[in-house]
Amino acid sequence: MKVSDYVLQRLREWEVDHVFSYAGDGINGLLAAWGRAGDDPKFVQARHEEMAAFEAVGYAKFSGKAGVCAATSGPGAIHLLNGLYDAKLDRVPVVAIVGQTDRSAMGGSYQQEVDLLSLYKDVASDFCEMVTVPEQLPNVIDRAFRTAYGRRTVTAVIIPADVQELDYSPPTHAFKMVPSSLGLSPSAPVPAEGDLDRAAEVLNAGEKVAVLIGQGARGARAEVEAVADLLGAGVAKALLGKDVLPDDLPYVTGSIGLLGTRPSYELMMDCDTLLVVGSSFPYTQFLPEFGQARAVQIDIDPHNIGMRYPFDVNLVGDARQTLKALLPHLKRKKHGTWRKKIEKDTARWWDVMERRAAVEADPVNPEHVVHSLDALLPDDVILAADSGSAANWYARHLRIRGSMRGSLSGTLATMGPGVPYVIGAKFAHPGRPALAIVGDGSMQMNGMAELITAAKYWQEWQDPRLIVAVLNNQDLNQVTWEMRAMSGAPQFLPSQAIPDVPYADFARSIGLGGVRVEEPGQVEAAWRQALAADRPFVIDFRTAPDVPPIPPHATREQAEAVVSAIVKGDSDRGGVIKQGIKAKVQEFLPGGHHGGQTPGGQGRKK
């Protein structure tokens, strides 16, 4: 047995069933071992190492298991980095196995020689090791997996090409040898009773309780619902926690932050008590004013405790077990004015979303595209959104229900993971439909090539449905709007305008399904066609670039300043953007016809 054979054996013993990768001579020993092992674990060939890493992230996010990716030395290892940083920042367990030049060539400025220990020192800061003798195994592999699982992070194992070809010999019962063993039992820490009492005192004393949940609360759905019921609270969700609680609960206000909903913003601005569970949501300005609310935080990671807000009580513990232990200490509150206001604001918000989706745009309103999908989604669908304005519409228009799952690059906010995320999801759950909403910038950057990966593997999936919806507005739209809002600058076409590409035609050319939509009346039929397709399907939606993703906290003055900048100096492929956009924006602002008054009446300015 060679070292490479043993590495694959140990992966199987860690119940790894897929490795996302791309070939290269720095891992030739591993590739040969894959042949000897009958492709077990399955080698999934991406089109690029970055996509392999994103697929490993998607697999990990939607399976709960560690994602594994592999790459050759030098450029292959470098290409993995963006996907690995996505995993690290979103706290997803991923193990990277990378090749290196032969030991005899190290230090000789050899071809493709990169100091991988230094390169990976940050992204795999919790565990990054190079195997130089066979006896380092299995310990290095085992620690990579235990650390990835235990700290929900990225780990890396570097194996020089010549080491892969050595005969495997295990560590012995001797000095300077490190034996190892398989397994990692789950742990669920719970705070002490005294700390639970202090937290309950804060929560019981409040009259207007708000709850913010993140992905760390994913296993605690029933407990979060019970807490919200007892405290008469509203629940907002960080975007990575969008699928933690269903949106058909009347007190769930939806996403929070720049891409969030107005009810979530108002929930935070008006509460007197805040409970944060499993979230390190970074934008302090969307949390209550300092001194306005007493607050409790629950997080399993001590490093995340006490951040973002001056919490009165910080509880280190597993979300589900901590909430279960906390519940008997909580006193039931009457569902009075506060809860009724939350439910009324939330219902009004969904009415506003429906009205915004109905606003005419040239050629198609992107909000209409995504809003039309909402009612058609299967209850077991897996969703992904790419970074950009597509993430706005995913956050605001799609309501989670049933066993739906959804994610995006929440912290790194990198472009390009949408399509590889759902490919990774299909290997984790081949019997469930998967759907990605991506912008045309992300599709051109990464998505089109990765359709080839879908074409290569889709016939192995029990449910062949993998849908990619491209919001094709020929504009890097999110950055365009950020330029207008933050810099008061008009659109800079040389940097923002991108080519119109026939995405659906390309999909059909490689054996997938596809259709182009250029009129609002075609939108729902296209969704139905894709959801009924017998193979992966691409919908090329020609959408308008002039539909603003208005932040939930925008004032009329801020939005009018943006509109003024557009009307005065912004071109829209051959003409000044028409004044009609001003009415579109104003209609949904605070105090507008559909926006309603800001909380607190005329005297309040937020």
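Position numbers for residues start from 1 in each chain and track the written sequence from start to end. This being a predicted model, a pLDDT of at least 70 is required before a residue's local features are given, and a value of 80 or more before pairs of side-chain atoms are given or counted; all residues contribute to the totals for chains, interfaces and linings. Values shown for side chains rest on all heavy atoms present in the structure; no hydrogens or waters enter the calculation.

Enquirer: I tried to follow the overall build of the protein on my own but got confused; where do I start?
Expert: Helix and strand counts for the protein stand at 22 helices and 18 strands. The globule rule used for comparison is 2.2 Å times the number of residues to the exponent 0.38, while the radius of gyration itself is calculated over C-alpha atoms. Taken against the 2.2 N^0.38 rule, which gives 25 Å for 606 residues, the C-alpha radius of gyration of the protein at 25 Å falls within 12% of a compact globule. Oriented by its inertia axes, the alpha-carbon framework of the protein measures out at about 75 × 65 × 45 Å. Expressed as a percentage of contacts within the protein between residues at least 6 apart in sequence, the contacts between residues at least 24 apart total 74%. Only the protein chains shown count as cover for residues, and all accessible areas are computed by the Shrake-Rupley method using a 1.4 Å probe. Total accessible area on the protein stands at roughly 23,100 Å², and carbon and sulfur atoms take up 52% of it. When the 62 basic and 72 acidic side-chain charges of the protein are each reduced to a single mean position, those positions are 5 Å apart. Helical segments are the DSSP runs of H or I of at least four residues, strand segments are the runs of E of at least two, and each set is numbered from the N terminus. Whether two residues touch is decided by their heavy atoms; if any such pair falls within 4.5 Å, the residues are in contact. Positive residues here are Lys and Arg, negative ones are Asp and Glu, while His and the chain termini are left out of the count. To locate a charge, the coordinates of NZ of Lys, CZ of Arg, CG of Asp or CD of Glu are taken.

Enquirer: How should I be thinking about helix 2 (residues 28-36) in this particular structure?
Expert: Every α-helix carries 3.6 residues per turn, so stepping three or four residues along brings you back to the same face. Only protein chains enter the accessibility calculation, which uses a 1.4 Å probe. A residue is then buried if its area is under 20% of the maximum for its type, exposed if over 50%, and partly exposed in between. Along helix 2, the positions that sit buried rather than exposed are Gly29, Leu30, Ala33 and Trp34. For helix 2, the arc enclosing every buried residue in end-on projection is 145°, short of the 170-degree limit, so these residues lie on one face. Elements in contact with the buried residues of helix 2: helix 1 (3-13), strand 1 (18-21), strand 2 (42-45), strand 4 (94-100) and helix 7 (161-164). Looking one or two places after helix 2, you find Gly38, whose phi comes out positive at around 65°. Arc, as used here, means the arc of the directions from the helix axis to the C-beta atoms.

Enquirer: Would you explain the sheet that holds strand 1 in this entry?
Expert: Picture the strands of a sheet paired through backbone hydrogen bonds; they go either parallel or antiparallel. In space, the six strands of this open sheet follow the order 2-1-3-4-6-5, with parallel pairing throughout. Of all strands in the sheet, those bounded by a partner on one side alone are strand 2 and strand 5 (128-130). Mean inter-strand twist for the sheet, computed between neighbouring axes without regard to direction, equals 25°. At least two DSSP bridges between two strands are required for those strands to pair. Pairing of strand 1 with strand 2 involves four bridges; the strand directions are parallel. Paired with Phe20 across the strands is Val44, a residue of strand 2. Helix axes are fitted to C-alpha atoms over the stretch in contact, other axes to C-alpha atoms as well, and angles between N-to-C directions run from 0 to 180 degrees.

Enquirer: I keep staring at the pattern of salt bridges and nothing clicks. Help me out?
Expert: Any Lys or Arg side-chain nitrogen located within 4 Å of an Asp or Glu carboxyl oxygen qualifies as a salt bridge. Considering all chains together, one arrives at 35 salt bridges under this definition. Residue Asp243 is joined to Arg218 by a salt bridge in which the shortest nitrogen-to-oxygen separation is 2.7 Å. You can see Asp243 sitting in the loop between strand 8 (234-237) and strand 9 (252-255) and its partner Arg218 sitting in the loop between strand 7 (209-213) and helix 9 (221-231), a full 25 residues away along the chain. For Asp243, a relative accessible area of 3% gives the class buried. Residue Asp345 is joined to Lys341 by a salt bridge in which the shortest nitrogen-to-oxygen separation is 2.6 Å.

Enquirer: What should I look at first to understand the sheet that holds strand 17 (residues 513-517) in this one?
Expert: Ordered in space as 14-13-15-16-18-17, the six strands form an open sheet in which the pairing is parallel. A single partner strand is all that each edge strand has here, and the edge strands are strand 14 (405-408) and strand 17. Going across the sheet, the axis of each strand differs from the next one's by a mean of 15°, ignoring polarity. Two strands pair when backbone bridges link them, and strand 15 (residues 434-439) and strand 16 (residues 466-472) are joined in this way by six bridges, in the parallel orientation. Within strand 16, the position partnered with Ala434 by the bridge is Leu466.

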